[in-house]
Amino acid sequence: MRIISTLRKGAAAAVVGVLLSGCTTPAAPSRPMAAAEAAVSEIPGATFQADRARNGTTAYVNATLSVTDAFAGDPAALLDYSLGQLASQDEVDRGQFVRLKFDGPGQTPEKTKTLLVSLRINSEQYGGGSSLELANQDLDERYGTWPAPPPSLPPSLRSAR
């Protein structure tokens, strides 16, 4: 009787052990979104923020690049550098697409779209508003599969520091 009881307890412990082995704590990101945002904020007059958002069941990234009059660099280089920073972090999963808003003096969705075209990134204006939805395939082709290596600061933005 004692042997059967011991076997049952051992079997129950083994089952619990197997079940618990599948429960793991999510790993901390190796490069958090805050690191990508901080890299852009080192450029005077520039800030970048991104987070995960949902439209119903569709997950995406909502990103905002903002500049003030203090920004004296090349807007295309800043946009490229910021999107490269976004692609280099592994905290915020890209989801189905990236919705981008570029705020700044004189900046419009049409001007942002022109800058994106110069980077070979297709975009569509979202609902006639001020943000653009970026094509994931173009982002992968330009920056690599997420998470990609962090980009180097371009020379045209080094002088803006």
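The following refers to the structure shown. (Residues numbered from 1 in each chain as written. Predicted model: local features only at pLDDT ≥ 70, side-chain atom pairs only at ≥ 80, totals over all residues. Heavy atoms only, no water.)

**As for the overall build of the protein**
Tallying secondary structure elements over the protein gives 6 helices and 5 strands in all. Element order for the protein, N to C, with α for helix and β for strand: α-α-β-β-α-β-α-β-β-α-α. Going through the 161 residues of the protein one by one, you find that 36% of them count as buried. In the protein, of all internal contacts separated by at least 6 residues, the share reaching a separation of at least 24 is 67%. A total of about 9,300 Å² of accessible surface is found on the protein, and carbon and sulfur atoms cover 54% of it. (Helix = DSSP H or I, 4+ residues; strand = E, 2+ residues; numbered from the N terminus. Buried < 20%, exposed > 50% of the residue type's maximum accessible area, 1.4 Å probe, protein only. Contact = heavy atoms within 4.5 Å. Areas by Shrake-Rupley, 256 points an atom, 1.4 Å probe, with all protein chains shown as cover.)

**Observations concerning the sheet that holds strand β2 (residues 58-67)**
With mixed pairing, the 5 strands of this open sheet are ordered in space as β1-β2-β3-β5-β4. The open sheet is flanked by β1 (46-55) and β4 (123-125), the only strands paired with a single partner. Ignoring which end each strand starts from, the neighbouring axes of this sheet average 25° apart. The sheet contact formed by strand β3 (residues 98-103) and strand β5 (residues 132-134) spans 3 bridges and is antiparallel. Each residue of the ladder has a partner; that of R99, found in β5, is E133. (Pairing = 2+ DSSP bridges. Axes fitted to C-alpha atoms, helices over the stretch in contact; angles between N-to-C directions.)

**As for the nonpolar core**
L78, L79, L83, L86 and L134 are the most contacted members of the largest nonpolar core, which totals 37 residues. Secondary-structure elements contributing two or more residues to this core are α2 (33-41), β1, β2, α3 (75-88), β3, α4 (109-118), β5 and α5 (136-143). Here this core takes 8 residues from α3, the largest share from any one element. With residues near it in sequence (within four places) discarded, L134 still touches L83, F97, V98, L100, L116, I121, N122, S123 and L139. (Core = buried A, V, L, I, M, F, W, Y, C linked by side-chain atoms within 4.5 Å.)

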